[in-house]
Amino acid sequence: MSSPSPLGSLMLIALVPALLRADAEPRTLKGHQGSVMAVTFSPDGKILASCSRDKTIKLWDAATGELKRTLTEHTADVYDVTFSPKGNLLASASTDKTIRLWDAQSGKVMRTLEGHTDIVRSVAFSPDQKTLASASVDRMVRLWDVETGKLKQTLEGHTKRVKSIAYSPDGNILASASSDQTIRLWNSRSGKVMRVLEGHTSDLECIAFSPDGKLLASSSHDTTVRLWDVETGKVRHTLEGHRAEVDSVTFSPDGKTLASGCKDLSIKLWDPQTGAQRQTLTGPKNRLESLAFSPDGKTLASGSGGPESLIWLWPIAKFGDEAGP
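Residues numbered from 1 in each chain as written. Predicted model: local features only at pLDDT ≥ 70, side-chain atom pairs only at ≥ 80, totals over all residues. Heavy atoms only, no water.

*Asks:* Before we move on, can you summarise the nonpolar core with the specific residues and values?
*Replies:* Counting residues in each nonpolar core, the largest one holds 15 residues, and the members touching the most others are Ala49, Cys51, Ile57, Leu59, Val81, Phe83 and Leu90. Broken down by element, the residue count for this core peaks at four residues, all from strand 6 (residues 78-83). Apart from residues lying up to four places away in sequence, Ile57 is in contact with Ser50, Cys51, Arg69, Thr70, Leu71, His74, Val78, Val81, Ser92 and Trp102. (Core = buried A, V, L, I, M, F, W, Y, C linked by side-chain atoms within 4.5 Å. Buried < 20%, exposed > 50% of the residue type's maximum accessible area, 1.4 Å probe, protein only. Helix = DSSP H or I, 4+ residues; strand = E, 2+ residues; numbered from the N terminus. Contact = heavy atoms within 4.5 Å.)

Structural data, given as structure tokens:
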């Protein structure tokens, strides 16, 4: 496998956006040889991590696009990667049925967590960084002790593969989304189910809490995004406009924008309070697999799939900022 140029590959695309910053255009980073299944920024915003069906995790300088390191310990597709809240650890989930904990600075594997009996789709650190949650095709959610790597608890209830998992900002709720068309809200301490959210008519793909923890966004094969009131479990808004499976959702750090990425090759930006669509970003020639906002909210990273497996860095204006030409 050939190594990419240290500065990555920059592709400038002319757009006439509403919320894309008018003074800059999106860049692309090229290096993965397979679909980019997840992208995530370090808490300080300096590093962008990406993982791929090419079995690797790549760490990029978020400011320059320089490829800093490639992590190659997984033996199959890597579905998810995330930084710990302190930024010193990375966790990754793979088709090889393992979870790996990495030293984010050195790139060394600190622990390999084994216990799932099928593909691990998603991982999430608790806000206090003491627990790592994992979701798997084996229908289980597992909770691991980050310090020791020991399994703390197994949460059972989903009847089909679990595809996405997320902690509420206060750490009290763990949400899981499944192909069984439900989202389960678990008490993160007791492991008891608090609520089951039903409404999607096909497989769930991705979930994300708003920064204030009041909303939960979910995306589905049914082409919709739903915004749920976490306290009541009721749907606050159903966002329609995508024309295919919606693979990813993420909130901006200030909570004023929700981004969704779809296999119809578009990213849509929404107002989560009203459910109104603000803008559609287009450019990638292949399906959108993953999304992540930078901690300052000024960049939206997206990972694409298929033959052109690129990472796009979109310069985003904050809601209410002047964004026109």
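*Asks:* Before we move on, could you go through the side chain of Ser252 and cite the residues and values that matter?
*Replies:* With respect to the helices and strands, Ser252 occurs in the loop between strand 22 (246-251) and strand 23 (258-262). Among the polar contacts listed, one links the side chain of Ser252 to the side chain of Asp254, at a separation of 2.7 Å. Here Ser252 is in contact with Pro211, Thr257 and Phe293, once residues within four sequence places are set aside. (Polar contact = N/O pair within 3.5 Å; in protein donor to acceptor, adjacent residues only side chain to side chain.)

*Asks:* An account of the packing of aromatic side chains is needed here, citing residue identities and associated values.
*Replies:* What the rule picks out here adds up to one aromatic pair. Ring geometry for Trp312 versus Trp314: centroids 5.3 Å apart, planes at 15°, classification stacked. We classify Trp314 as buried; its relative accessible area is 0%. (Phe/Tyr/Trp six-rings, centres within 6.5 Å; stacked < 30°, edge-to-face > 60°.)

*Asks:* Hey, could you go over unusual backbone geometry for me, with residue numbers and the actual values?
*Replies:* Leave glycine aside and you will find that most residues have negative phi; peptide bonds, for their part, are mostly trans. Unlike most non-glycine residues, Arg139 shows phi in positive territory, near 80°. Mapped onto the elements, Arg139 comes out in the loop between strand 11 (131-136) and strand 12 (141-145). Of note in the backbone geometry, Leu265 takes a positive phi value of approximately 75° without being a glycine. For Leu265, the location among the structural elements is in the loop between strand 23 and strand 24 (266-270).

*Asks:* Explain the confidence of the model for the protein chain to me, and be specific about the residues and the numbers.
*Replies:* The pLDDT averaged across the protein chain works out to 91; a share of 90% of its residues lies at or above 70. Contacts from residues 1-18, a stretch scored under 50 in pLDDT, to residues over four places away or in other chains number 36 contacts. Confidence drops under pLDDT 50 across residues 320-325; counting only partners more than four residues distant or on other chains, this segment forms eight contacts. (pLDDT = per-residue confidence, 0-100.)

*Asks:* Break down the environment of Asn88 for me, citing the residues and quoting the values.
*Replies:* As for its placement among the helices and strands, Asn88 is situated in the loop between strand 6 and strand 7 (89-94). Between the alpha carbons of Asn88 and Gln105 there is a distance of 6.8 Å; along the sequence they are 17 residues apart. Once residues within four sequence positions are removed from consideration, Asn88 is found in contact with Trp102, Asp103, Ala104 and Gln129.

*Asks:* If you had to explain the pattern of salt bridges to someone new, which residues and values would you point to?
*Replies:* Tallied over the entire structure, the rule returns ten salt bridges. A salt bridge links Glu205 to Lys163; its shortest N-O distance comes to 2.7 Å. A residue pair is termed long-range when its members are at least 10 positions apart, and Glu205 in strand 18 (residues 204-209) and Lys163 in strand 14 (residues 162-167) qualify at 42 residues. Each member of the pair, Glu205 as well as Lys163, is classed as buried. Across the salt bridge formed by Arg287 and Glu289, the nearest N and O atoms sit 2.6 Å from each other. Of the residues examined, Glu289 reaches a relative accessible area of 10% and is grouped as buried. Connected through salt bridges with shared partners, the residues Glu245, Asp247, Lys263, Arg287 and Glu289 form a single ionic network. (Salt bridge = Lys/Arg side-chain N within 4 Å of Asp/Glu carboxyl O.)

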